Amino acid sequence: MVSRKADHYCHNYECMHKPTNYEIKNLGKEGEEREVEDKAKAAHNEKVRVVMASIIASAGLMILKFSVGALTNSLGILSEGMHSGLDLIAALVTLYAIRMVLRPSDLSFTYGYGKFESLSSLAQIILLFVVAGWVSYEGINRIFFEDVRPEISIFSILIMFVSIGIDYGRSKALYRAARKFDSQALEADGLHFRLDMFSSAIVVAGLLIVFLFDIPNADAYSALAVAAVILYTSLGLGRRTLGVLLDKAPKGIYRQVIQAVSDLEGVTRPHNIRIRNIGSETLVEMHIEVPRTFTHERAHRVATAVEQKIENILPSSKVLVHVDATESANETIFDKIRLIAAETEGIRNVHSLHVSRISSPLLASTGSSLSSPPKKYYNAVLNEEETDFHYASNEPSLHLYLDVQMGPSLDLNTAHSIVDSFEDRLKKQILQIKDITTHLEIESSVEDLRMAGTEKRVGREYLMKIKEAILSVDEVLDFKDIRVFDDVTGEQHITLTICLTSKNETITNSLTLEDAHKTATKVQNMIINYTGATRVVVHTETGS
């Protein structure tokens, strides 16, 4: 006995100190958020290292090329020096953009600072156009208006080969980082170094022609070729950068998103899809339609499934889904009635819904002076609108009768006013319904715990009455979990579970719900007759 108590206390202690599912879930989320944050910082640090190496390389090449260009009076080398100088400025702009991108979103920039990378890329492209313009102007001036003879040496040519080697290494590193982090700023920086490499090769060719064949204008022509290469290769990146700044959807992604979500259960007609890039992230906003009979929780699960599906095909994406609740093709009349009831203030619940066909218009029966005037659809002749609808739709006119539960504190006039409004909405939205009979009931507040009954122990004689009543129904094989309650008014409520059998006395899983309900109703009535209980709730099982 002592050991059992000790075990019990130990178990309670473990339960008290064991993290709950909610805590475990929160810890998991916090761990995932920390992991994402650590990855972002690691990526940022790697980007900064690559850009710092570019800054050092650009500064060194700029000094070297300007020095050699001034000594040799070579326009090609001077243009390359200016190109490297602008590369230095571009790398500094890239560094600033990368630092800005790391900032979290705030009240001023609710989407974050990701587009600073695109702005950095655009600034670098503008600088490249400036360089190309200056080189073109100077080249044309030397070819047609000034006679400038560059002084070429083996040393200047070797310097250009060194420049090509450095440009190749830096452009390769930058492009690799740009692909890894999907960074337009790093891609633009890599483009600068790649252009340097090609333009340096063109300059070397021009210098060799001047040195070997004594053609002074070859240097100017090579500079013009450099300007043409700069303009041509910058246009492609410029178009992509402007596309991002103008929120152009990435090519092919719209179709991917449609295909990804169209086959998900519960999703119909995805529309108003907006896709744009901000830095390395893709933002997707869209609307989906779900049946309005879905609960809020189920609709939320569908939206979450859509978000996860899109994030799987677009790993670096953030998805926002707006759910539109719409009428579905398989929505029944009773579904519509319940939806309208749920939207009507003052109605807590509706149940026991039945409809019957109105075979022909009826005359209102005369009664006491309290009888209400005949309603319009009881007139001997239907009005024109109703007649047209009846024959055009070929659907029968229906008489609806149902129970409506309302709060017990309402007075009768207010309750009738609410129900009249409810009935008007039903007739306007469900045109088959021509007549409605409503039974008003009260529903106690679920928060009023004083209305709950108290479970009690009953004598053997009372239990034998219940057992006799249950076993008098042929379809019942066994029963269990009998409980008896007394409510605050002293009335008795009984709950139990019965195990059913088919007519051939074998337990079956093929019993229909209708058969089970009929049997449960028999048991309820028999127990009420035998015991006088006020309410009996019967749960049915197959016994398997």
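Every value quoted in this text rests on a predicted model; they were computed, and no experiment measured them.

K.L.:
Give a description of the packing of aromatic side chains that names residues and reports values.
P.N.:
Within this structure, the stated rule accounts for zero aromatic pairs. Over the aromatic face of Phe294 sits the side chain of Arg298, whose NZ or CZ is 3.8 Å from the ring centroid.

K.L.:
Could you give an account of the nonpolar core, with specific residues and numbers?
P.N.:
Membership of the largest hydrophobic core comes to 26 residues, with the highest contact counts inside it found for Ile77, Met160, Val203, Leu207 and Ile230. Where this core is concerned, the elements lending two or more residues are helix H3 (75–101), helix H4 (116–144), helix H5 (154–181), helix H6 (184–213) and helix H7 (217–245). A total of seven residues in this core trace back to one element, the largest contributor, which is H6. Residue contacts for Met160: discarding those within four places in its chain leaves Ile77, Glu80, Ser200, Val203, Val204 and Leu207. Residues Ile253, Ala299, Val306 and Leu314 belong to the second largest nonpolar core, which totals 20 residues.

K.L.:
Requested: an account of the packing of helix H8 (residues 253–262) against helix H9 (residues 296–313), with residues and values cited.
P.N.:
Viewed as axis vectors pointing N to C, H8 and H9 meet at an angle of 135°, and their least axial separation amounts to 9 Å. Taken together, the axes of H8 and H9 are oblique relative to one another. Seen along the crossing, H8 lies across H9 with a hand that is right-handed. Seen from H8, the contacting residues are Gln256, Val257, Ala260 and Val261; seen from H9, they are Val306, Lys309, Ile310 and Ile313. Residues that form the contact of H8 with H9 fall into these classes: six nonpolar, one polar and one charged.

K.L.:
Help me get a handle on the sheet that holds strand E3 (residues 317–326), residues and values and all.
P.N.:
The three strands are arranged E1-E2-E3 in an open sheet whose pairing can be described as mixed. Bordering the open sheet on either side are strand E1 (268–278) and E3, each of which pairs with just one other strand. The average undirected angle you get between the axes of adjacent strands in this sheet is 15°. Examined bridge by bridge, strand E2 (residues 281–291) and E3 share ten bridges and lie parallel to one another. What sits directly across from Leu283, in E3, is Lys318.

K.L.:
So what about the sheet that holds strand E4 (residues 347–357)? Which residues, and what values?
P.N.:
Taken in spatial order, the three strands line up as E4-E5-E6 in an open sheet, and their pairing is mixed. Only two strands of the sheet have a single neighbouring strand rather than two, namely E4 and strand E6 (433–442). For this sheet, the mean inter-axis angle between neighbouring strands, taken without regard to orientation, is 20°. Pairing of E4 with strand E5 (residues 398–406), which is carried by eight bridges, proceeds in the antiparallel orientation.

K.L.:
Describe the environment of Asp515, with residues and values.
P.N.:
The residue Asp515 is located in helix H14 (residues 513–531) in this model. Given a relative accessible area of 36%, Asp515 falls into the partly exposed group. With 15 residues separating them along the chain, Asp515 and Leu500 place their C-alpha atoms 9.8 Å apart.

K.L.:
Summarise unusual backbone geometry; cite the residues concerned and give the values.
P.N.:
Located in the positive-phi region is Asn272, a residue other than glycine, with phi close to 50°. Relative to the helices and strands, Asn272 is located in strand E1. Overall, Asn272 belongs to the partly exposed group, its relative accessible area being 42%. Within the chain, Asp481 stands out as a residue other than glycine whose phi angle is a positive 55°.

K.L.:
Give me the lowdown on the pattern of salt bridges, citing residues and values where you can.
P.N.:
Summed over the entire model, instances satisfying the criterion amount to ten salt bridges. With its nearest N and O atoms 2.9 Å apart, the salt bridge here joins Glu289 to Arg269. You can see Glu289 sitting in strand E2 and its partner Arg269 sitting in strand E1, a full 20 residues away along the chain. Notably, a salt bridge pairs Glu343 with Arg425, separated by 2.9 Å at the nearest N-O pair. Taken as a pair, Glu343 in the loop between helix H10 (333–342) and E4 and Arg425 in helix H12 (residues 412–429) lie far apart in primary sequence, 82 residues in all. A residue is classified by how much of its surface remains accessible, and Glu343, at 54% relative accessible area, is exposed.

K.L.:
Go over the side chain of Ser171 with me, naming the residues and quoting the values.
P.N.:
Inspection of the secondary structure puts Ser171 in helix H5. Among the polar contacts made by the side chain of Ser171, one reaches the main-chain carbonyl oxygen of Tyr168 at a distance of 3.1 Å. Once you skip the residues sitting within four places of it in the chain, Ser171 turns out to touch Gly190, Phe193 and Arg194.

K.L.:
Go over the environment of His300 with me, naming the residues and quoting the values.
P.N.:
Tracing the backbone shows His300 in helix H9. His300 sits 22 residues away from His322 along the chain, and the two C-alpha atoms are 9.6 Å apart.

K.L.:
Please give an account of the packing of H4 against H7 that cites residues and values.
P.N.:
It is the contact of H4 with H7, at a shortest axis distance of 8 Å, that shows an interaxial angle of 160°. Taken together, the axes of H4 and H7 are roughly antiparallel relative to one another. The handedness of the crossing between H4 and H7 is left-handed. By residue class, the composition of the contact of H4 with H7 is 22 nonpolar, eight polar and two charged.

Conventions and cut-offs
- Residue positions are given per chain, counting from 1 as you read along its sequence in written order.
- The predicted nature of this model means local features are confined to residues of pLDDT at least 70 and side-chain atom pairs, given and counted, to a pLDDT of 80 or more, with totals for whole chains, interfaces and linings taken over all residues.
- Side-chain figures throughout are based on the complete set of non-hydrogen atoms in the structure, without hydrogens or water.
- Any Phe, Tyr or Trp ring, taking Trp's six-membered ring, that has another such ring centre within 6.5 Å forms a pair; planes under 30 degrees apart are called stacked, those over 60 apart edge-to-face, and the others tilted.
- By definition, being over a ring means that NZ of Lys or CZ of Arg is both within 6 Å of the ring centre and within 35 degrees of the ring normal.
- Think of a nonpolar core as a cluster: buried Ala, Val, Leu, Ile, Met, Phe, Trp, Tyr and Cys residues, connected wherever their side-chain atoms sit within 4.5 Å.
- Partly exposed residues are those whose accessible area sits between 20% and 50% of the maximum for their type, while under 20% is buried and over 50% is exposed, using a 1.4 Å probe and protein chains only.
- Only DSSP runs of H or I reaching four residues or more are called helices, and only runs of E reaching two or more are called strands; each is numbered from the N terminus.
- We call two residues contacting when some pair of their heavy atoms lies within 4.5 Å.
- Between the N-to-C directions of two axes lies an angle of 0 to 180 degrees, each axis being a line fitted to C-alpha atoms and, for a helix, fitted only over the stretch in contact.
- Roughly parallel refers to an angle under 35 degrees, roughly antiparallel to one over 145, roughly perpendicular to one between 65 and 115, and oblique to any angle outside these ranges.
- Two helices cross in a left-handed way if the nearer one is turned anticlockwise from the farther one by less than a right angle. They cross in a right-handed way if the turn is clockwise.
- Any residue that is not Ala, Val, Leu, Ile, Met, Phe, Trp, Tyr, Cys, Pro, Asp, Glu, Lys or Arg is counted as polar, Gly included; the first ten are nonpolar and the last four charged.
- Note on pairing: DSSP must find at least two bridges between two strands before they are called paired.
- A pairing counts as a salt bridge when a side-chain nitrogen of Lys or Arg comes within 4 Å of a carboxyl oxygen of Asp or Glu.
- Counted as a polar contact is a pair of N or O atoms within 3.5 Å, where, for protein atoms, one must be capable of donating a hydrogen and the other of accepting one, and residues adjacent in sequence contribute only when both atoms are in side chains.

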